[in-house]
Amino acid sequence: RLMDACAEHNKEMIVLDRPNPNGFYVDGPILDMKHKSDVGWLPIPVVHGMTLGELALMINGEKWLPQSRVCKLTVIPCKHYTHSSLYELPIAPSPNLPNIHSIYLYPSTCLFEGTVMSLGRGTSFPFEVYGHPKYKGSDFSFTPRSLPGAKNPPLLNQKCYGVDLRNVPDEYIWENGFDLSYLIDAYNNLKVGNSFFSSFFEKLVGVDYIRKMIVAGETHEKIKEMWRVDVEKFKKQRMPYLLYEE
C-alpha cells in the first residue's frame, strides 16, 4: 500500500533492506486472489523467502500494484547476507513473537488464528503451543491471560490442554517448513468437524483446498504435494528480483 501511494503521487520509495529470519526457504500454497485481504495481498506462497527489498522489486516487476502502476523504487541492500543465512532478529518484531523459535514456528502455528484453538496468545510462549479446553489426552496445559500485546486473547482465562512445541528442535522446523501436521492433529483431536475452522482460515492460508482436504482426512504429506509445483514455478518467477545469493 505504501508503494501504491508513492506510485500514485509520483514519490520515490527507498527501502533500507533487512534480512528475513525465514528467508532460507520457500513453502506453502500460492494465494488465490479471491482470498486477497489485509493478511494476504499478493500471489505469493505463505513463506516467500524474500527480503522486503526483493519483494518490492518483484511487485514492481510483475506489475502487481493496482492498475499496473509502478513505484519509483530504490533498494539499499544488506551487506554479508545470503538466503542461506540464519539471521536472528536483535529485537522481537512483536510481543507475540518473543524469540527466534516462535518466528520459525510462526508460518505453521499462525493457522490456528483461523480456528477455535489457542496458539498461546496471552502467555509468555505465543506461537510455540496450541491448545483448547476440550483437547484430549494431554498433560500439558496453559491458561491465556490478558497481557500487553494480547489484551483479549482467544479462550481468555480458560484452561487449555494441548501441545508444547518449545522443545521442538529448530532443525526439525527447518526440515518440515510450512507444516500442517499441528493443525491436523488438533482437528482430529477435537472432533468438531467443520466448526473447527473460522471464515478467517482461508484468508490466512490463501486457498480453498486445505480445509477441504483436512476434513476429508488427507495427510500433511498429501496436502503438501498440492503446492510443490507452484512453489517451483514461483522460485523461477522471483529469480530476476533476488539481490542475494541463494
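Up top you'll find the structure we're talking about.
The shown structure was predicted, so the numbers you read here are calculated from the model rather than taken from an experiment.

**Observations concerning the overall build of the chain**
Right, so step 1: Regarding its fold elements, the chain presents nine helices and seven strands.
Right, so step 2: Its C-alpha radius of gyration of 19 Å places the chain within 12% of the 18 Å reference for a compact globule of 246 residues.
Right, so step 3: Looking at the chain as a whole, 50% of its 246 residues are labelled buried.
Right, so step 4: At a minimum sequence separation of 6, the contacts of the chain that also span at least 24 residues come to 65%.
Right, so step 5: In the chain, 27 side chains carry a positive charge and 28 a negative one; their mean positions are 7 Å apart.

**What about the side chain of Ser 85?**
Right, so step 1: Tracing the backbone through its elements, the reader meets Ser 85 in the loop between strand E4 (73-76) and helix H3 (100-109).
Right, so step 2: Reaching out from Ser 85, the side chain makes a polar contact with the backbone nitrogen of Thr 82 at a distance of 3.0 Å.
Right, so step 3: Excluding anything up to four places from it in sequence, Ser 85 contacts Phe 24 and His 80.

**Here's the deal with the pattern of salt bridges**
Right, so step 1: Counted under the stated rule, the structure contains 10 salt bridges.
Right, so step 2: Linking Arg 69 and Asp 4 is a salt bridge whose minimum nitrogen-to-oxygen distance equals 2.8 Å. Of this pair, Arg 69 sits in the loop between helix H2 (52-61) and E4 while Asp 4 sits in helix H1 (residues 2-8); the two residues are 65 residues apart in sequence, bridging distant segments of the chain. No difference in accessibility class separates Arg 69 from Asp 4, as the two residues are buried.
Right, so step 3: Ionic pairing is found between Arg 238 and Glu 246, a salt bridge with its closest N-O pair at 2.8 Å.

Definitions and cut-offs
- Residues numbered from 1 in each chain as written.
- Predicted model: local features only at pLDDT ≥ 70, side-chain atom pairs only at ≥ 80, totals over all residues.
- Heavy atoms only, no water.
- Helix = DSSP H or I, 4+ residues; strand = E, 2+ residues; numbered from the N terminus.
- Rg over C-alpha atoms; globule rule 2.2 N^0.38 Å.
- Buried < 20%, exposed > 50% of the residue type's maximum accessible area, 1.4 Å probe, protein only.
- Contact = heavy atoms within 4.5 Å.
- Lys, Arg positive; Asp, Glu negative; His and termini not counted.
- Charge placed at Lys NZ, Arg CZ, Asp CG, Glu CD.
- Polar contact = N/O pair within 3.5 Å; in protein donor to acceptor, adjacent residues only side chain to side chain.
- Salt bridge = Lys/Arg side-chain N within 4 Å of Asp/Glu carboxyl O.

Note that all results are geometric; they support no functional claim without further evidence.
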